[in-house]
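Here's the letter readout for the chains.
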Amino acid sequence: YSKAEQVAHLAYARVVTLYDVREKTRERLMERITNLPADAKMLQVDCQAVIAAALARAGVTTAAFLPAADQQHFVCTFSTEGAGESERAMDELAGIGIGRDMGCVTSTALSFRNSAMHQFSNLKLTELQSKTKKKLQNGPSFSDSVRSRMIVKTVVDRISNSSAFTFDYAAMLIVATLIAAGGLATNNAVIVVASMLVSPLMGPVLAFTFGVTLREANMAKLGLQNELLSLVICVLGGFVVGFFYALLSWNAYDWPTEQMASRGSAIGLADGAFIAAASGVGVALSVLGDYLSTVVGVAISASLLPPAVNCGMLFAFRIYVDMYHDHHTVEDKQELLQMAGFSLLLTVENIIIIFVVSRFMFYIKNVYISKDQHENMWKSFTNFKTNAAKQQQTQQRNLQMQMQITSQTTPQQQQNGTGGTLTERMR
């Protein structure tokens, strides 16, 4: 194995050949490895030792391994004292690929645990109860609450699910676009606010922010792509709805309405910057904590969708004015284009400011995912196991095909060698 020297110092890995392993292991290796000599060097890893070492680095001392029915897999169970210890353990497991490249991790919150109390003497138990009672009476200190948050991987899973461009996401985006267009067209602020509550645009923004914070390129790329695609849908949706709305109503509401004009001015950019900065703080805290009551307020304050829809509607109204020779002057037509540009710029400005402020809050809350120095090596083990299973299936299919071809050849043809080429026999 080419990387054997890199892990020669680890107690849970050793360099072996086919002659050094057990018979069952040798049979499985021979099925997965072809065209290699019997004395080829390979790296044998003790998975239980790898996991136990990772948990030991996280300070876990309660790990236990239970074998599965097939005697080839096992279940590892352990408990931790709090969320911080749980996160360190999950970080260490993710560093070697558990729950990400192989296997799965399931966490369960325990509301009561007293088995560890038996380890203390009566004196220590009294001191522990006294400290616990004092902490419960005084509550957590302000300094302790600064970095208090949910486990990072739990937040990552939640954000990844909310930022994926699925059918439900697209449906909610279209619904929010239609509601916003109706509110802007009729100058109804309540309907515009309702569209902000339905809008899913915050999910990709958080995915991009978390991806940059955790240096996860795939997550950041996913968030950026879905956000750009969502904005295009909002602008196009506003354009289509706005054109037909103006056409069918013959501009009964005298566009642009107050709701449309307020989102298409330079003053609106200044006001939006201040509100977006405050919204970025609220977004970060609502994601990292259990402040579900603040999500509604943040969704209203972080105005992302209405300005994008407003941009499309203003462009559509500009075309409507040209087609039907409305009373608007040339200056009015130019002003409509400027308002559309300011409206789109307001959306982009809000997204950038929310990203910057949320990124700063994530730094304060100490959001990170640790990297294992042997991460590439663990990935190569996982890829070897996956590719080996595919190679085994391919070899079985080829063997069945060869047996079928051989069965169709007569003994006389086999003896005389007149069975034809392999291609002819396959035909």
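It should be emphasised that the depicted structure is a prediction, and the values quoted were computed from it without experimental measurement.

(A) Seen up close, the nonpolar core. In terms of nonpolar packing, the biggest core is built from 50 residues, with I159, L201, F210, L305, V309 and M313 touching the most fellow members. Looking at this core, the elements that each hand over two or more residues are α6 (152–163), α7 (167–185), α8 (189–198), α9 (202–214), α10 (217–249), α12 (266–288), α14 (305–324) and α15 (330–364). At 10 residues, α14 tops the list of elements feeding residues into this core.

(B) Seen up close, the environment of V198. Looking at the secondary structure, you find V198 in helix α8. Using a relative accessible area of 21% as the deciding quantity, one classes V198 as partly exposed. Separated by 22 residues in sequence, V198 and A176 place their C-alpha atoms 5.5 Å apart. In this view, V198 contacts M172, V175, A176 and I179; residues no more than four positions away in its chain are not counted.

(C) A look at α12. With 23 residues, α12 should cover 33 Å at 1.5 Å per step; its first-to-last C-alpha distance of 33 Å lies within 8% of that length. Among the residues of α12, those classed as buried are G268, L269, G272, A276, S279, G280, G282, V283, A284, S286, V287 and L288.

(D) Just the pattern of salt bridges, in detail. In this structure the tally under the stated criterion is two salt bridges. The closest approach of N and O atoms between R57 and E92, which form a salt bridge, is 3.0 Å. Here E92 lies in helix α3 (residues 83–95) and R57 lies in helix α2 (residues 47–57), a separation of 35 residues in the sequence. The partner of D322 in a salt bridge is R318, with the nearest N and O atoms 2.1 Å apart. Of this pair, D322 and R318 both sit in helix α14, separated by four residues, roughly a single helical turn.

(E) Layout of the side chain of T347. Relative to the helices and strands, T347 is located in helix α15. Filtering out sequence-adjacent residues up to four positions away, T347 remains in contact with L231, L304, P307 and A308.

(F) Region of the structure containing the pairing of strand β3 (residues 64–67). Relative to strand β4 (residues 74–77), β3 is paired through four bridges, and the arrangement is antiparallel. Directly across from P67, in β4, lies its bridge partner F74. What sits between the antiparallel neighbours β3 and β4 is a turn of six residues, in which Q71 has the positive phi angle 60°.

(G) Main features of unusual backbone geometry. Put simply, W255 and P256 share a cis peptide bond, and its omega is -10°. Among the structural elements, P256 can be located in the loop between α10 and α11 (258–262). Of note, the phi angle at N187 is positive, near 60°, even though the residue is not glycine. Topologically, N187 is positioned in the loop between α7 and α8. N187 gets classed as partly exposed once you look at its relative accessible area, which sits at 33%. Even without glycine at this site, R215 takes up a positive phi of about 60°. Turning to its location among the elements, R215 is positioned in the loop between α9 and α10.

Basis of the calculations
- Residues numbered from 1 in each chain as written.
- Predicted model: local features only at pLDDT ≥ 70, side-chain atom pairs only at ≥ 80, totals over all residues.
- Heavy atoms only, no water.
- Core = buried A, V, L, I, M, F, W, Y, C linked by side-chain atoms within 4.5 Å.
- Buried < 20%, exposed > 50% of the residue type's maximum accessible area, 1.4 Å probe, protein only.
- Helix = DSSP H or I, 4+ residues; strand = E, 2+ residues; numbered from the N terminus.
- Contact = heavy atoms within 4.5 Å.
- Expected span 1.5 Å × (residues − 1).
- Salt bridge = Lys/Arg side-chain N within 4 Å of Asp/Glu carboxyl O.
- Pairing = 2+ DSSP bridges.

Read these as geometric descriptors, not functional statements.
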